[in-house]
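Summary of structural features
These are the residues of each chain, in order.
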Amino acid sequence: MGDDIGSVDVSFHGVRGSTPCSCPTLQRYGGNTSCVSLEAAGHDPIVFDLGTGMRPWGRSMPPEDPLTLHALVTHFHWDHVQGLPFFTPLQSANTALHVYGPGDRDASMEDTFGQFMCPPYFPIRVSDLPASVLFHDAHSSDFELDGTEIMSRPVPHCGKTNGYRVTRNGVSVAYIPDHQEPIDRSTHVDPAVLELCADVDVLIHDAQLWSDELAAKSTWGHCTPEYAVEVAAQAGVHTLVLFHHDPSHTDEDLDEMSERIEATAISRGISNVICATEGLKLSVGSRHGS
Ligand SMILES: [Zn+2]
Ligand SMILES: [Zn+2]
């Protein structure tokens, strides 16, 4: 990318894991699933995952304005892909959406998407949408989009799963929403994960399970907020955002998680920990520029 220095807006449109949920006790943190956009003046938007947070984000956009955007999809679990057909800009022929990610095993991204967005699971196919939607396979690769550096690496979860690191305007953001904590509860962190997170300004990371829940769900592909802090500490992360909240965790539970984890994070040298809420927007400036 170029040497331009500026800020990047990181907006959280869906922060919930597993399934969208609606309940008065969950409203403050929100019930839509994984979807986070990165926007910077003069660049196409980039979005992490296509969860149901895509729907409210799309409704906030002017309906017919020309739009090109790039989606970095981690994997095909429902909570990361279900929002695509409800993204209203796809009802316009002026929209081009490029979708990057890993297909299932040896299948391409396009074929894998086509297997789940089709009758009888859904009334239309991707090709029936007025917009142009183009798929690109990316698993362990480095590439550039519209002057932005993208790094994708495999991360431990259930099935083929990517994590991402995006560097734009001198600002780096890593996104690892689903991350299997070591079964033996060790502090080992996969080298590919550390590569994604090394010295990033913002790490958005799985924090789905309390410690006492992990015992019964040790192979479900997720981790505790304490392990998220471990990853952030080993990688030298500046701001950690706890993400992919369990549908059973209420607003009060997540307030408690925030309070409990703050002292641990500070003791490990992480200056800023945020428990993600739907509607949160972080304007992140470069720490490396003037
Ligand atoms: Zn998930
Ligand atoms: Zn998953």
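Above this text you will find the structure in question.
This write-up is about the structure you can find in this document. Residue positions are given per chain, counting from 1 as you read along its sequence in written order. Here every chain gets a letter starting at A, and every ligand a number starting at 1, in the order they are written. Local features are withheld for residues below a pLDDT of 70 in this predicted model, meaning they are given only at 70 or higher, and side-chain atom pairs are given and counted only at 80 or more; totals for whole chains, interfaces and linings count all residues. Side-chain numbers here rest on the full set of heavy atoms in the structure, without hydrogens or water.

Residue proline 119 is joined to proline 120 through a cis peptide bond whose omega torsion reads 5 degrees. With respect to the helices and strands, the residue proline 120 is situated in the loop between helix H2 (109–116) and strand S6 (132–137). Of note, the phi angle at aspartate 49 is positive, near 65 degrees, even though the residue is not glycine. Helix and strand definitions here come from DSSP, where helices need a minimum of 4 consecutive H or I residues and strands a minimum of 2 consecutive E residues; each element is numbered from the N-terminal end. Structurally, aspartate 49 can be placed in the loop between strand S3 (46–48) and helix H1 (54–59). Its relative accessible area of 0% is what places aspartate 49 among the buried residues. Non-glycine residue histidine 244 carries a positive phi angle of around 65 degrees. Along the polypeptide, histidine 244 turns up in the loop between strand S12 (239–243) and helix H6 (251–267). Classification of residues uses two cut-offs on accessible area relative to the type maximum, computed with a 1.4 Å probe and protein chains only: under 20% is buried, over 50% is exposed, and between them is partly exposed. By relative accessible area, histidine 244 is classed as buried at 0%.

Let us now look at the coordination of the zinc ion (ligand 2). Metal donors were taken as nitrogen, oxygen and sulfur atoms no farther than 2.8 Å from the ion, or 3.2 Å where the ion is Na, K or Ca. Water is excluded, so coordination may look unfinished. Every protein donor of the zinc ion (ligand 2) is listed here as His75 (NE2), His77 (ND1), His157 (NE2) and Asp178 (OD), and their distances to the metal cover 2.1 to 2.5 Å. Donor angles set the geometry label: tetrahedral for four donors if every angle is between 85 and 135 degrees, square planar for four and octahedral for six if opposite donors exceed 155 degrees and the others are between 65 and 115, irregular for anything else. Given four donor atoms and angles of 88 to 167 degrees at the metal, the environment of the zinc ion (ligand 2) is assigned as irregular. Summarised as a motif, the one-chain spacing of the donors to the zinc ion (ligand 2) is H-x1-H-x79-H-x20-D. A spacing of 3.4 Å is found between the zinc ion (ligand 2) and the zinc ion (ligand 1), which share aspartate 178 as a donor. On the basis of relative accessibility, which here comes to 1%, the residue histidine 75 falls in the buried class. Residue classification places histidine 77 among the partly exposed residues on the basis of a relative accessible area of 32%.

No statement about biological role is implied by the geometric values presented.
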